Amino acid sequence: MCSRSWHATRCTTFRRPSSREPMSSGEPGEEIVTPAGGQVDLSAARSRPTWHEYFLQLARQAATRSTCLRRQVGAVLVRDKRILATGYNGAPRGIAHCLDVGCLREELGVPSGERHELCRAIHAEQNAIIQAAIHGVAIDGATLYCTHQPCILCAKMIINCGVKEIFFVEGYPDEISLAMFAEAGVVIHQEDLP
């Protein structure tokens, strides 16, 4: 099947591959012809992220909205390669952010992973779950992509929501959450991001 590019001044005929035929093998040095007639050296082209890398990168982007002074965390809930909800850690709506009033846990010298009740922020995973609930989005069977390993508080919520798989980049000092995920059959993966 042949098509014409939409550029009236540089109209070039090209053949679309069939659904069984790959557009390119991606071999180094291979050149493909673009719709406008130019050639692209695939060895010089950037690599495309995997779906897991893509969603982890989105979680990292969500974390840029965090108002926590200690750790910026982002989360993305996904099912069938569709984003269901996102979240980042920060104070509840209408409450002053830690950026504005300081961190009580920091002032008291509370170590990471302890005394969560002293934190004024809602965790990224919790915010993603809340956003899904507010907007009526079912997350049963979803996959969670998160910048950090979920804590025990989030683990209990994640398990009860029916999340089946978790991908995260950075660890967190909470072995109990890992044991609880294992017991509940939630598959977890720690990934590296470029």
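Residues numbered from 1 in each chain as written. Predicted model: local features only at pLDDT ≥ 70, side-chain atom pairs only at ≥ 80, totals over all residues. Heavy atoms only, no water.

### So, the confidence of the model for the chain
Where we set the bar: pLDDT expresses, on a scale from 0 to 100, how confident the predictor is about each individual residue. When checking whether two residues touch, look at their non-hydrogen atoms; a contact exists if any pair is within 4.5 Å.
Taken over all residues, the pLDDT of the chain has a mean of 83, while the share at 70 or more is 77%. Below a pLDDT of 50 lies the segment residues 1-28, which in the model reaches 34 contacts outside its immediate sequence neighbourhood of four places, other chains included.

### With respect to the pairing of strand β5 (residues 74-79)
Short version of the rule: Throughout this description, buried means an accessible area under 20% of the type-specific maximum (1.4 Å probe, protein chains only), exposed means over 50%, and partly exposed covers the range between. By definition, any uninterrupted DSSP run of H or I lasting at least four residues is a helix, any uninterrupted run of E lasting at least two residues is a strand, and each is numbered from the N terminus. We treat two strands as partners when DSSP finds at least two bridges between them.
Among the 6 residues in β5, 5 count as buried, and that is most of the element. Relative to strand β6 (residues 82-88), β5 runs antiparallel, the two sharing 6 bridges. Residue pairing in the sheet places Val76 in a bridge with Thr86 of β6. The hairpin formed by β5 and β6 contains 2 residues between the paired strands, and Asp80 there has a positive phi angle of roughly 55 degrees. Bridge count between β5 and strand β7 (residues 143-148): 4 bridges; the pairing is antiparallel. The residue of β7 that forms the bridge with Leu77 is Leu144.

### Some thoughts on the pattern of salt bridges
Here is the rule we go by: What counts as a salt bridge is simple: a side-chain nitrogen of Lys or Arg found within 4 Å of a carboxyl oxygen of Asp or Glu.
Scanning the entire structure with this criterion turns up 2 salt bridges. In this structure, the salt-bridge partner of Glu106 is Arg70, at a minimum N-O distance of 2.8 Å. One end of the pair, Glu106, is in helix α3 (residues 104-108); the other, Arg70, is in the loop between α1 (51-63) and β5, with 36 residues separating them in the sequence. Judged by relative accessible area, which is 49%, Glu106 ranks as partly exposed. Given the relative accessible area of 30%, Arg70 is considered partly exposed. One salt bridge in this structure joins Arg115 and Glu117, with 2.6 Å as the shortest N-O distance.

### Structural notes on helix α4 (residues 124-134)
Burial in α4 covers these residues: Ala124, Glu125, Gln126, Asn127, Ala128, Ile129 and Ala132. The inward-facing, buried residues of α4 contact β5, β6, β7 and α5 (152-161). Among the residues trailing α4, Gly136 stands out with phi positive, at a value near 70 degrees.

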